[in-house]
Amino acid sequence: MMAPGNTTILAAIWKGSSNHRHRCKVIVAICLWLIMASVSGEGEDWSKCPRECRCKWISGKRTAECQNNRLSSLPKFPMPDKIQVLHMNGNPLSMLPDKAFVKTGLINVQKAYLSNCSLTEVHPGAFSELVILIELDLSNNELKSLHPGTFEGNIRIRKLWLTNNPIRSLPRAFIFPDMPHLRILDLSHGFLTRLGRSLFSRLQYLEVLHLNHNRFHRLDKRAFIPVKSLQSRTLQG
């Protein structure tokens, strides 16, 4: 919002503009001033952060570091749509409800780190509408399964970590959704005993798959046929 003093100054400049050309120049100057004021205001809002977090620029990204602060839910930011990287590692979240990120305004998160958060349940719509999410870390939690529909719409994910979760089996209806940019998927150090034939059928561009340190009795090799770009697959351990 423009301060009253600034409004008076601009009004005076406008009244003192006697011809059309000069007034056009004044309009351009006012527009530029408003843009600069808007950018300045954005910077002030960005500096405000919940007391449990530290918000700062890291590697060119607006980053919120909220790890190890006993948070039981995602924090509320004054301008949540500006947050690009969210570190939540080590907080007792327990579960992620439907539209967990959207409901808190974190709609432009590109990287979300939720390791060691005691997660036992992730609603299939927890990450819905995060269309520019490229990295998601759910490692070292207590997830025993994944619901069908989880990760649906997260089409730009490149790296997905699910390592060190006690996942024993995935429902027959569960299929990793279409994620054409996914290159690394880590399902290692779990309790998996089998893989559904269609589990990876939509991950044709996957390059690295970690499945080591699970409890497989046998593997249906047909599960890997659709993954035509696979370059590295770890199974032993």
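Before any of the text, the structure's been laid out above.
All values reported here derive from a predicted model rather than from experimental measurement.

Student: Which residues make up the packing of aromatic side chains, and what values do they have?
Tutor: For the structure on display, the rule yields six aromatic pairs. Arranged with centres 6.1 Å apart and planes meeting at 10°, the rings of Phe 176 and Phe 200 form a pair that is stacked. With Phe 176 in the loop between strand S8 (159–161) and strand S9 (184–186) and Phe 200 in the loop between S9 and strand S10 (208–210), this pair connects stretches of sequence that are 24 residues apart. Per residue, the accessibility class of Phe 176 equals that of Phe 200, and both read buried. Taken together, a centroid distance of 6.1 Å and an interplanar angle of 20° make the contact between Phe 200 and Phe 224 stacked. Taken together, the residues span a long stretch of sequence, with Phe 200 in the loop between S9 and S10 and Phe 224 in the loop between S10 and strand S11 (232–234) at a distance of 24 residues.

Student: Can you break down the pattern of salt bridges residue by residue, with the values?
Tutor: What the rule picks out here adds up to eight salt bridges. Here Lys 159 makes a salt bridge to Glu 135, at a shortest N to O gap of 4.0 Å. With Lys 159 in strand S8 and Glu 135 in strand S7 (residues 135–137), the pair connects residues that are 24 residues apart, well separated along the chain. Here Arg 197 and Asp 220 are joined by a salt bridge, their closest N and O atoms 3.6 Å apart. With a gap of 23 residues between them, Arg 197 in the loop between S9 and S10 and Asp 220 in the loop between S10 and S11 connect regions that are remote in the sequence. Here the residues in one salt-bridge network are Arg 54, Lys 56 and Glu 65, joined through shared partners.

Student: Pulling in residues and values, what's your account of unusual backbone geometry?
Tutor: A positive phi is found at Asn 68, a non-glycine position, where the angle reads about 55°. Relative to the assigned elements, Asn 68 resides in the loop between strand S2 (61–65) and strand S3 (85–87).

Student: I'd like to hear about the state of the cysteines, residue by residue, with values.
Tutor: Applying the stated rule across the entire model yields two disulfides. Note on cysteine connectivity: Cys 49 is disulfide-linked to Cys 55, with sulfurs 2.1 Å apart. Handedness of the Cys 49-Cys 55 disulfide follows from its S-S torsion of about 55°: it is right-handed. Its relative accessible area of 25% is what places Cys 49 among the partly exposed residues. Numbered by order of appearance in the sequence, the disulfide-linked cysteines of the chain pair as 1-3, 2-4.

Student: How would you sum up the sheet that holds S3? Please name residues and give values.
Tutor: Reading across the sheet, the nine strands line up as S1-S2-S3-S5-S7-S8-S9-S10-S11 and stay open at both edges, with mixed pairing between neighbours. Every other strand in the sheet has two partners, leaving strand S1 (54–58) and S11 as the edge strands with one partner each. Neighbouring strand axes in the sheet, compared pairwise and without regard to direction, differ in orientation by 10° on average. Examined bridge by bridge, S7 and S8 share three bridges and lie parallel to one another. Residue Glu 135 lies in a different strand from S8, and its bridge partner there is Lys 159.

Cut-offs and rules
- Residues numbered from 1 in each chain as written.
- Predicted model: local features only at pLDDT ≥ 70, side-chain atom pairs only at ≥ 80, totals over all residues.
- Heavy atoms only, no water.
- Phe/Tyr/Trp six-rings, centres within 6.5 Å; stacked < 30°, edge-to-face > 60°.
- Helix = DSSP H or I, 4+ residues; strand = E, 2+ residues; numbered from the N terminus.
- Buried < 20%, exposed > 50% of the residue type's maximum accessible area, 1.4 Å probe, protein only.
- Salt bridge = Lys/Arg side-chain N within 4 Å of Asp/Glu carboxyl O.
- Disulfide = S-S within 2.5 Å.
- Pairing = 2+ DSSP bridges.
- Axes fitted to C-alpha atoms, helices over the stretch in contact; angles between N-to-C directions.

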